[in-house]
Amino acid sequence: MSLKITNKDLLLADKAIQEKRAEFARVHSLAFVRYTMPTFQSTAFHNTYYKVLTMFMKGDIKKLIISVPPQHGKSQGSSINIPAQMIGRNPDLKIATVCYSATKARKFGRKVKQLLSEPKYKELYPEARMAEKGDTNYINTAEEIEMVGRDGSLKMVGYQGGLTGDPVDVLLMDDLYKDWKEANSPIIRDNVIDWYVTVADTRLHNDSQQLIVFTRWHEEDLVGFIEKNEEVINIDSWQDVEDNKDRDVWFKINFEAIKMSEPTELDPRQKNEPLWPARHSLKKLQKSRSKDPVKFDSLYQGNPTSKEGLLYGADWKTYTKQPDNIINRKNYTDTADTGDDMLCSIDYDLSNDGFMYVVDIIYTSEAMEVTEPLVSSMLDRNNVRHSDIESNKGGRGFARKIDELTSDRCHIKWFHQGDNKEARIISNAATVKEKIIFPQGWHIRWPEFYNHLTKFKRTFKANKHDDAADVVTGMVEKSVKKKETW
């Protein structure tokens, strides 16, 4: 018995598939993008990004902050697709999209209008109708779109424009700062925060939703203001949302252009993996970082730090060729105390006038079974003659293992560090900056170490990691203050 498939069967099957795709597109943001933009190519990052946006769209997340690097497709999702899909699902919603200028807002408005006029969109959401040309009963411009026969509307404004009149059910904020210059202007930063407090917040009600999608420029931007004044939960797993979705909190996710933090469920990349390698390769990103590490860490890593309040800053001495007065090659190592700590081990050359020229660095959160052979290999490879290893909290056992693995030409000395860490680091900061010299390009060779050291804050408790600062302080204490070997 043969099974005969007719053209009618094929057409019915195709229709069923299209109906299923449409059904899925109505309730999932990524499916909506693929349905309305068939050429859209998503990556693992986009899959997660749109899943988070879907949770916002459905109301599982009420207040959301997403930090995304430039040119990674954030605005297509947050300022075009999300307002179009949310107004389609509920044409009575009053949605406002706000950015740094009215011109930019109108650009988003035109793209949203174009999407709402597409036949595929109308098939998905037949009740979300714009006014036809010539219909003067409803507003239909790039700044505002009213839904025909419904109470909902879409507004697209610059933050200096007004949100007067109706309340706002959904507030979408996309890049409230135009560029680095604006974000580093205290006046403009204050203006944005004042707008948020005195204009935007007055339009919101108990059930209003807020979405902030930013490229970070400054730690005292609107995101920084919210982090200081409200409860913000960093999303590492989907369970984080489930456990807190009924609380009045902000959820935040930061997508680093180059993965430097530990892998999570939402971002399982390994360290040094780019976010969108097909568009922005690691080589390209590292080249961008080499031009200005501080700006790169803000824009691409979502990790801005104001120069005010830093203990060291980024203006360290560098060398291309060492002097002739080197008298010893040494090492200072501090093992990781807890799961969040980093092992920091630095090989350096000591000159007879007390300057220290950094040769090599290991900076990692890996376990001791990994770091022991790494440190031992570095000591042998660089012909280190003397190594000081802090013996606190497991350091003595680590030091003994290093002594066992390392050649006899390197003298391993472990010691207990009993002085107050904060006092040591703060009091020695000036000497550290004066005496320690890094090789040119050190921000590329050891980016995580560079980031933690150059952004170390004077307010000690404000720092998540003190390992880098602790070791450079130890180097000064052992090789300059005590003058042990020169």
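Before reading further, recall that the structure is shown in the block above.
Residues numbered from 1 in each chain as written. Predicted model: local features only at pLDDT ≥ 70, side-chain atom pairs only at ≥ 80, totals over all residues. Heavy atoms only, no water.

### Notes on the overall build of the chain
- What the chain contains, in helices and strands, is 19 helices and 15 strands.
- For the chain, with 486 residues in total, the buried portion stands at 52%.
- Within the chain, contacts between residues at least 6 apart in sequence are counted, and of these 70% link residues at least 24 apart.
- Working note: accessible area of the chain is about 23200 Å², and carbon and sulfur atoms make up 48% of it.
- Taken together, the 72 basic and 73 acidic charged side chains of the chain have centroids lying 5 Å from each other. (Helix = DSSP H or I, 4+ residues; strand = E, 2+ residues; numbered from the N terminus. Buried < 20%, exposed > 50% of the residue type's maximum accessible area, 1.4 Å probe, protein only. Contact = heavy atoms within 4.5 Å. Areas by Shrake-Rupley, 256 points an atom, 1.4 Å probe, with all protein chains shown as cover. Lys, Arg positive; Asp, Glu negative; His and termini not counted. Charge placed at Lys NZ, Arg CZ, Asp CG, Glu CD.)

### A short note on the packing of helix α8 (residues 186-203) against helix α9 (residues 222-229)
- Where α8 meets α9, the closest approach of the two axes is 9 Å, and the angle between their N-to-C directions is 55°. On the basis of their axis angle, the class for α8 and α9 is oblique. Here α8 and α9 pass one another in a crossing that is right-handed. Contacts between α8 and α9 involve V192, I193, Y196 and V197 from the former and L222, F225 and I226 from the latter.
- Taken together, the residues of the contact of α8 with α9 sort by class into seven nonpolar, no polar and no charged. (Axes fitted to C-alpha atoms, helices over the stretch in contact; angles between N-to-C directions. Parallel < 35°, antiparallel > 145°, perpendicular 65-115°, else oblique. Left-handed = near helix turned anticlockwise from the far one by under 90°. Nonpolar A, V, L, I, M, F, W, Y, C, P; charged D, E, K, R; others polar.)

### Focus: empty space enclosed by the protein
- Tallied over the full model, the rule gives one cavity of 30 Å³ or more.
- In this model, the largest cavity occupies a volume close to 80 Å³.
- Lining the largest cavity, in full, are K94, I95, A96, S153, K155, L163, D166, P167 and V168.
- Every element with two or more residues in the lining of the largest cavity is listed here: β2 (94-99) and β4 (153-158).
- Taken together, the residues of the lining of the largest cavity break down into five nonpolar, one polar and three charged. (1 Å grid on protein atoms, 1.4 Å probe; cavity = no way out; pocket = protein on both sides within 12 Å on 5 of 7 lines; lining within 4 Å. Points joined across faces, edges and corners; volume = space filled by probe spheres on them.)

### Section: the sheet that holds strand β11 (residues 343-351)
- Within the open sheet, the seven strands sit side by side as β9-β15-β12-β11-β10-β13-β14. Their pairing is mixed. Sheet topology places β9 (318-319) and β14 (411-415) at the edges, where each strand pairs with a single neighbour.
- As paired strands, strand β10 (residues 326-334) and strand β13 (residues 386-390) are joined by four bridges and run parallel to one another. Its bridge partner being in β13, N331 is matched across the sheet by S387.
- Strands β11, β12 (356-364) and β15 (436-439) of the sheet are contacted by helix α18 (residues 447-454), whose axis makes an angle of about 105° with β12. (Pairing = 2+ DSSP bridges.)

### Describing the nonpolar core
- Y49, L64, I66 and Y121 are the most contacted members of the largest nonpolar core, which totals 56 residues.
- Among the elements that line this core, the one with the most residues is helix α3 (residues 44-57), at eight residues.
- With near-sequence residues (within four places) excluded, I66 lies in contact with Y49, V52, L53, L211, I212, V213, F214, I253 and F255. (Core = buried A, V, L, I, M, F, W, Y, C linked by side-chain atoms within 4.5 Å.)

### Describing the layout of surface pockets
- In this structure, the largest pocket occupies an estimated 1700 Å³ of space.
- Forming the walls of the largest pocket are 50 residues, and the residues nearest its centre are N254, E256, S261, N303 and K464.
- Elements supplying a minimum of two residues to the lining of the largest pocket: α9, β8 (250-254), α11 (282-291), α12 (293-299), α17 (442-445) and α18.
- The element that contributes the greatest number of residues to the lining of the largest pocket is α18, accounting for four residues.

### Here we look at the packing of aromatic side chains
- Counted by the stated rule, this structure contains 24 aromatic pairs.
- The interplanar angle of 80° and the centroid separation of 5.4 Å between the aromatic rings of Y319 and Y357 together place this pair among those described as edge-to-face. Taken together, the positions of Y319 in strand β9 and Y357 in strand β12 put the pair 38 residues apart, joining distant regions of the chain.
- Judged by its relative accessible area of 13%, Y319 is buried.
- Judged by centre distance (6.0 Å) and plane angle (55°), the ring pair of F438 and F449 falls under tilted. One end of the pair, F438, is in strand β15; the other, F449, is in helix α18, with 11 residues separating them in the sequence.
- A relative accessible area of 1% places F449 in the buried class. (Phe/Tyr/Trp six-rings, centres within 6.5 Å; stacked < 30°, edge-to-face > 60°.)

### Points about the sheet that holds β8
- The strand order across the open sheet formed by eight strands is β3-β4-β2-β5-β6-β1-β8-β7, and the pairing between neighbours is mixed. Both edges of this open sheet fall to β3 (144-146) and β7 (232-234), since each of them pairs with a single strand only. Along the sheet, successive strands turn relative to each other by an average axial angle of 15°, direction set aside.
- Direction of pairing for strand β5 (residues 170-174) relative to strand β6 (residues 209-214): parallel, over a ladder of five bridges. Looking at the pairing, V170 lines up with Q209 of β6.

### Re the packing of helix α13 (residues 368-381) against helix α14 (residues 395-405)
- Taken N-terminus to C-terminus, the directions of α13 and α14 make an angle of 45°; their axes are 9 Å apart at the nearest point. Considered as vectors, α13 and α14 are oriented oblique to each other. As α13 packs across α14, the resulting crossing turns out to be right-handed. Side by side, α13 and α14 meet where M368, T371, E372, P373, V375, S376, L379 and D380 of the first sit next to F398, K401, I402 and L405 of the second.
- Taken together, the residues of the contact of α13 with α14 break down into seven nonpolar, two polar and three charged.

### Let's talk about the pairing of strand β1 (residues 63-67)
- Counting buried residues along β1, five of its five residues qualify, which places the element largely inside the surrounding structure.
- Neither face of β1 is open: one carries K63, I65 and S67, the other L64 and I66, and all of them are buried.
- Strand direction decides the pairing type here: β1 and β8, joined by five bridges, are parallel. Counterpart to S67 in the pairing with β8 is N254.
- Both β1 and β6 contribute to a ladder of five bridges, which runs parallel. Following the sheet pairing, I66 is matched in β6 by V213.

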